[in-house]
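Understanding the architecture of this molecule
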Amino acid sequence: GAGVSQSPSNKVTEKGKDVELRCDPISGHTALYWYRQRLGQGLEFLIYFQGNSAPDKSGLPSDRFSAERTGESVSTLTIQRTQQEDSAVYLCASSPGTGDGTEAFFGQGTRLTVV
Amino acid sequence: DAKTTQPNSMESNEEEPVHLPCNHSTISGTDYIHWYRQLPSQGPEYVIHGLTSNVNNRMASLAIAEDRKSSTLILHRATLRDAAVYYCILKNFGNEKLTFGTGTRLTIIP
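Residues numbered from 1 in each chain as written. Chains lettered and ligands numbered in written order. Predicted model: local features only at pLDDT ≥ 70, side-chain atom pairs only at ≥ 80, totals over all residues. Heavy atoms only, no water.

**Focus: the sheet that holds strand S7 (residues 65-69) of chain A**
Residue and element names in this part refer to chain A. What counts is decided by this rule: Strand pairing follows a simple DSSP-based rule, namely that at least 2 bridges must link the two strands. Helix and strand assignments follow DSSP, with helices taken as H or I runs no shorter than four residues and strands as E runs no shorter than two, numbered in order from the N terminus. Working convention: axes come from line fits to C-alpha atoms, limited for helices to the stretch in contact. Angles between N-to-C directions cover 0 to 180 degrees.
As summarised here, the arrangement of the four strands in space is S1-S3-S8-S7, forming an open sheet in which the pairing is antiparallel. Each of the sheet's edge strands pairs with one partner strand only, and the pair in question is strand S1 (5-7) and S7. Looking at each pair of strands side by side, their axes are set apart by 15° on average, direction ignored. Here S7 pairs with strand S8 (residues 75-79) via five bridges, running antiparallel. Bridge pairing links Ala 67 to Leu 77 in S8.

**Describing the state of the cysteines**
Residues and elements named next belong to chain B. Our working definition: Cysteine sulfur atoms are paired as a disulfide whenever they come within 2.5 Å of each other. Partly exposed describes any residue whose relative accessible area lies between the buried limit of under 20% and the exposed limit of over 50%, with all areas from a 1.4 Å probe on protein chains only and scaled to the type maximum.
Under the definition given, this model contains two disulfides over all chains. Sulfur-sulfur distance for the disulfide between Cys 22 and Cys 88 comes to 2.1 Å. Measuring handedness by torsion sign, the sulfur bridge of Cys 22 and Cys 88 sits at about -85° and is left-handed. Of this pair, Cys 22 sits in strand S2 (residues 18-23) while Cys 88 sits in strand S8 (residues 84-92), placing them 66 residues apart in sequence. Relative accessible area serves as the criterion here: at 1%, Cys 88 is assigned to the buried category.

**Notes on unusual backbone geometry**
All names here are of chain A. The amide bond that connects Ser 7 to the next residue, Pro 8, takes the cis arrangement and shows omega of -10°. By the secondary structure assignment, Pro 8 is in the loop between S1 and strand S2 (10-13). With a phi close to 50°, Glu 72 is a non-glycine residue in the positive phi region. Turning to its location among the elements, Glu 72 is positioned in the loop between S7 and S8. Glu 72 sits in the partly exposed class, given a relative accessible area of 43%. Positioned with a positive phi, Arg 81 is a non-glycine residue whose angle comes to about 45°. Along the chain, the position of Arg 81 falls in the loop between S8 and strand S9 (88-95).

**Focus: the packing of aromatic side chains**
To describe a pair of aromatic rings, one takes the distance between the centres and the angle between the planes. Here is the rule: Classification of ring pairs uses Phe, Tyr and Trp, with its six-membered ring standing for Trp, and accepts pairs whose centres are within 6.5 Å; under 30 degrees between planes counts as stacked, over 60 as edge-to-face, and the remaining range as tilted.
By the definition in use, this model includes twelve aromatic pairs over all chains. Arranged with centres 6.4 Å apart and planes meeting at 50°, the rings of Phe45(A) and Tyr48(A) form a pair that is tilted. Chaining the aromatic ring pairs together yields one cluster made of Tyr33(A), Tyr35(A), Phe45(A), Tyr48(A), Phe106(A), Tyr36(B), Tyr46(B), Tyr87(B) and Phe100(B).

**Comments concerning the interface of chain A and chain B**
Where the parts come together, the accessible area they lose is often given as the size of the interface. Stated precisely, the cut-off is as follows: By definition, residues are in contact when any of their heavy atoms lie within 4.5 Å. When two components associate, each loses some accessible surface as probed by a 1.4 Å sphere; the sum of these losses over both components is called the buried area. In what follows, salt bridge is the name for a side-chain nitrogen of Lys or Arg lying within 4 Å of a carboxyl oxygen of Asp or Glu.
Listed by partner, the interface residues are 24 residues for chain A and 18 residues for chain B. Between chain A and chain B, the buried area comes to about 1,700 Å², and carbon and sulfur atoms account for 52% of it. Along the contact surface separating chain A from chain B lie one salt bridge. A salt bridge links Asp56(A) to Lys97(B); the nearest nitrogen and oxygen atoms lie 2.8 Å apart.

**Brief notes about the nonpolar core**
Stated formally: Residue types Ala, Val, Leu, Ile, Met, Phe, Trp, Tyr and Cys, when buried and joined through side-chain atoms within 4.5 Å, form a set referred to as a nonpolar core.
One finds Leu20(B), Ile33(B), Trp35(B), Leu73(B), Leu75(B), Tyr86(B) and Leu106(B) to be the most contacted residues of the largest nonpolar core, which totals 21 residues. Elements that contribute at least two residues to this core include exactly S2, strand S3 (31-38), strand S4 (45-50), strand S6 (61-64), strand S7 (70-75), S8 and strand S9 (104-109) of chain B. Broken down by element, this core gets its largest block of residues, four residues, from S8(B). With 19 residues, the next largest nonpolar core counts Leu32(A), Ile47(A), Leu60(A) and Val114(A) among its residues.

**A word on the sheet that holds S2(B)**
The strand order S2-S7-S6-S5 (chain B) describes an open sheet built from four strands, whose pairing is antiparallel. Where the open sheet ends on each side, the last strands, each with one partner, are S2 and strand S5 (55-56) of chain B.

**Brief notes about the pattern of salt bridges**
If charged atoms from side chains of opposite charge come close, those side chains can pair. All names here are of chain B. The tally for this structure, following the rule as stated, stands at seven salt bridges over all chains. The residue Glu 45 makes a salt bridge to Arg 37 at a minimum N-O spacing of 2.6 Å. Salt bridges sharing common partners tie together Arg 37, Glu 45 and Asp 82.

See below:
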């Protein structure tokens, strides 16, 4: 498809396990974003990539969270030793990244439940 | 990051115009004003953006104050499908960071 694709769409994991969330951005989009949205809450910025570099990692909640991007394409968000407070929808977005105010396109998210 | 202030919630009648305000008194000259909305159980979607002049597209209009310290998103004829949380965001030219605030929850009354 032509949109931002995230996988899996749903993930249930046991507390203490590691999880990997994947984002396939729109082809050619250089900017890629990760957000977390807890139930009934707003979007919490986690990290964004310009190409394969992450100029701003300030939103990552703890050192259990990490993200990488390769080939200016696919990105993975990894959460180690998951905790119940990590339960949320994780949203990915991409944009052309031309700096002139172009729009970002969002995926449908990965719903993570830690039990 | 420059901040925006929006009312927590608003209500409007179906088929009436809706004016959603946003204050951004610390906006810089290179900040674009973006609006996104998030329908229930969906990811956010882009609505409109502008820099200085008023903007129109098929979804909405954006009215920007002359001093750029505030803006208003205008939905010309609200439908039930417009019920969503609307986010006003400042995005700096050359910096791709996009930070969402708490937004305005718009309820449409049939």
